[in-house]
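# Architecture and fold: a report
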Amino acid sequence: MRAPRMRVAVFGASNAGRLLAGEMRTAGHTVEVLSDLSELSNYQALIVAVGDARLAQAVDLLENYVHKGLIVFHTCLSRGVQVLDPLETKGCVVAAVAPYSAERWAVTTVDELGETVAELVLGEAQFTAASFSDIERPALAARVYYAQMLTLLAVDANADVFGDGADVTAAHGDALTALESSEVIAAFRSLEEPGMRRAYLEAARRVGEVYHREELEMWALQEETR
C-alpha cells in the first residue's frame, strides 16, 4: 500500500538533506524550500538539512514553529535523534536519517512510530534503513568519511600511475560533492585512538590539497601541529 503523499518543507541545504528531498520529490511528495518559518503549519513533514555545527541552533530556531504530528527528519550522520528532543516534546515525530553508503541510511529514532515512518520514506527510494544509537553515530560518521577520503585518494593515485587523460574530479564528482568538509571536521571529535586520528588527519590534509578544499587542508595542518 502506498503511503500518503505529504507536503514537505526543507530547512537548509546540506548534501544529505538535498538528497532526501530529491528522493521524496521523486516518490510523489510535494517538496519545497521553507522560506518563512511561520508557514511550517502548512506542512506535514520537515527535513532539517544542516550539518553538525548548525544543527542544535536550527532546532532552537524551529522549536517555536513546529506543530503536533509534524514529521521531522534531520540528515546529519554524526548526530543522533536526541538533538531533536525539543521538537519531540512539542508532539513531532522525529528521526535522524543520513546516508552512509550508496544504498544504506543510518536511522535513529525514539519510538516505533518514528522508525516506521523513516523506513517507509527510505523504502520508497529503495534505500535500506539500518538502526544506530545516538552513541554509535559519531564513530560511524568518522569511519564513513575516512573511507570516502581514502577512496578519493586511491582514485587520484591510480590516475597518476595509469592515467589515461580522464578528468578524475569530473568522473568522481558525486563522491567529492558528497564529502562535506565541515562534516569531516566535526566527525574527527569522536576519534580517540591516536593512530586513527593521525591517519584521518593525513587523509583530510591530502584530500584538501588534491581537491582544492583549502578549509579542510588548513584545519588538518593545524590539528597535526597541536
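Just above, that's the structure.
Residues numbered from 1 in each chain as written. Predicted model: local features only at pLDDT ≥ 70, side-chain atom pairs only at ≥ 80, totals over all residues. Heavy atoms only, no water.

Moving on, we get to the layout of surface pockets. Here the second largest pocket is characterised by a volume of approximately 180 Å³. Every residue lining the second largest pocket is counted, 14 residues in all, and those nearest its centre are Gly51, Asp52, Ala53, Ser182 and Glu183. At the level of elements, helix H2 (52-62) and helix H8 (181-187) are the ones that each hand at least two residues to the lining of the second largest pocket. Looking at the lining of the second largest pocket, the element that brings in the most residues is H8, giving four residues. Its residues placed into classes, the lining of the second largest pocket shows six nonpolar, three polar and five charged. (1 Å grid on protein atoms, 1.4 Å probe; cavity = no way out; pocket = protein on both sides within 12 Å on 5 of 7 lines; lining within 4 Å. Points joined across faces, edges and corners; volume = space filled by probe spheres on them. Helix = DSSP H or I, 4+ residues; strand = E, 2+ residues; numbered from the N terminus. Nonpolar A, V, L, I, M, F, W, Y, C, P; charged D, E, K, R; others polar.)

The next point concerns the pairing of strand S5 (residues 93-99). For a regular strand, the rule is simple: side chains alternate between the two faces of the sheet. Of all the seven residues making up S5, six are buried; the element is thus mostly covered by neighbouring parts of the structure. The pairing of strand S4 (residues 71-74) with S5 spans four bridges and is classified as parallel. Directly across from Val72, in S5, lies its bridge partner Val94. Pairing between S5 and strand S6 (residues 104-109): five bridges, direction antiparallel. Across the sheet, residue Pro99 finds its bridge partner in S6, namely Trp105. As consecutive antiparallel partners, S5 and S6 are separated by four residues. (Buried < 20%, exposed > 50% of the residue type's maximum accessible area, 1.4 Å probe, protein only. Pairing = 2+ DSSP bridges.)

Take the sheet that holds strand S2 (residues 30-33) next. Strands belonging to one sheet form pairs held by backbone hydrogen bonds; the direction of such a pair is parallel or antiparallel. On the basis of which strands lie adjacent, the open sheet formed by seven strands has the order S2-S1-S3-S4-S5-S6-S7 and mixed pairing. Of all strands in the sheet, those bounded by a partner on one side alone are S2 and strand S7 (128-131). Adjacent strand axes in the sheet meet at a mean angle of 30° when their direction is disregarded. In the packing of H2 onto the sheet, contacts are made with strand S1 (7-12), strand S3 (45-49) and S4, and the angle to S3 comes to roughly 145°. (Axes fitted to C-alpha atoms, helices over the stretch in contact; angles between N-to-C directions. Contact = heavy atoms within 4.5 Å.)

This part covers the packing of helix H9 (residues 194-210) against helix H10 (residues 214-224). When two helices pack together, their arrangement is given by the angle between the helix axes and by the axis-to-axis distance. Running from amino to carboxyl end, H9 crosses H10 at an angle of 145°, the nearest separation of the two axes being 7 Å. Read as a crossing pair, H9 and H10 show a hand that is left-handed. Across the interface between the two elements, Tyr200, Leu201, Glu202, Ala204, Arg205, Val207, Gly208 and Glu209 of H9 pack against Glu214, Leu216, Glu217, Trp219, Ala220, Leu221, Glu223 and Glu224 of H10. Partitioned by chemical class, the residues of the contact of H9 with H10 number eight nonpolar, one polar and seven charged. (Left-handed = near helix turned anticlockwise from the far one by under 90°.)

Moving on: the packing of aromatic side chains. Overall, the coordinates contain five aromatic pairs when judged by the stated rule. Where Trp105 meets Phe127, the ring centres are 5.2 Å apart and the plane angle is 35°; that geometry is what we call tilted. Taken together, the residues Trp105 in strand S6 and Phe127 in the loop between helix H4 (112-124) and S7 connect sequence positions 22 residues apart. No difference in accessibility class separates Trp105 from Phe127, as the two residues are buried. Their ring planes at 85° and their centres at 5.2 Å tell us that Phe188 and Trp219 sit as a pair that is edge-to-face. You can see Phe188 sitting in the loop between H8 and H9 and its partner Trp219 sitting in helix H10, a full 31 residues away along the chain. The residues Phe188 and Trp219 share a single accessibility class, namely buried. (Phe/Tyr/Trp six-rings, centres within 6.5 Å; stacked < 30°, edge-to-face > 60°.)

So, about the pattern of salt bridges. Tallied over the full model, the rule gives seven salt bridges. Between Arg5 and Glu124 there is a salt bridge whose closest N-O contact spans 2.4 Å. Highlighted residues: Arg5 in the segment before S1 and Glu124 in helix H4, separated in sequence by 119 residues. Residue Arg5 is classed as partly exposed on the basis of its relative accessible area of 27%. By relative accessible area, Glu124 is classed as partly exposed at 27%. The closest approach of N and O atoms between Glu223 and Arg226, which form a salt bridge, is 3.3 Å. (Salt bridge = Lys/Arg side-chain N within 4 Å of Asp/Glu carboxyl O.)

Moving on, we come to the side chain of Ser181. Of note, Ser181 is situated in helix H8. A relative accessible area of 7% places Ser181 in the buried class. If we skip the residues at most four places from it in the chain, Ser181 touches Arg213, Glu215 and Leu216.

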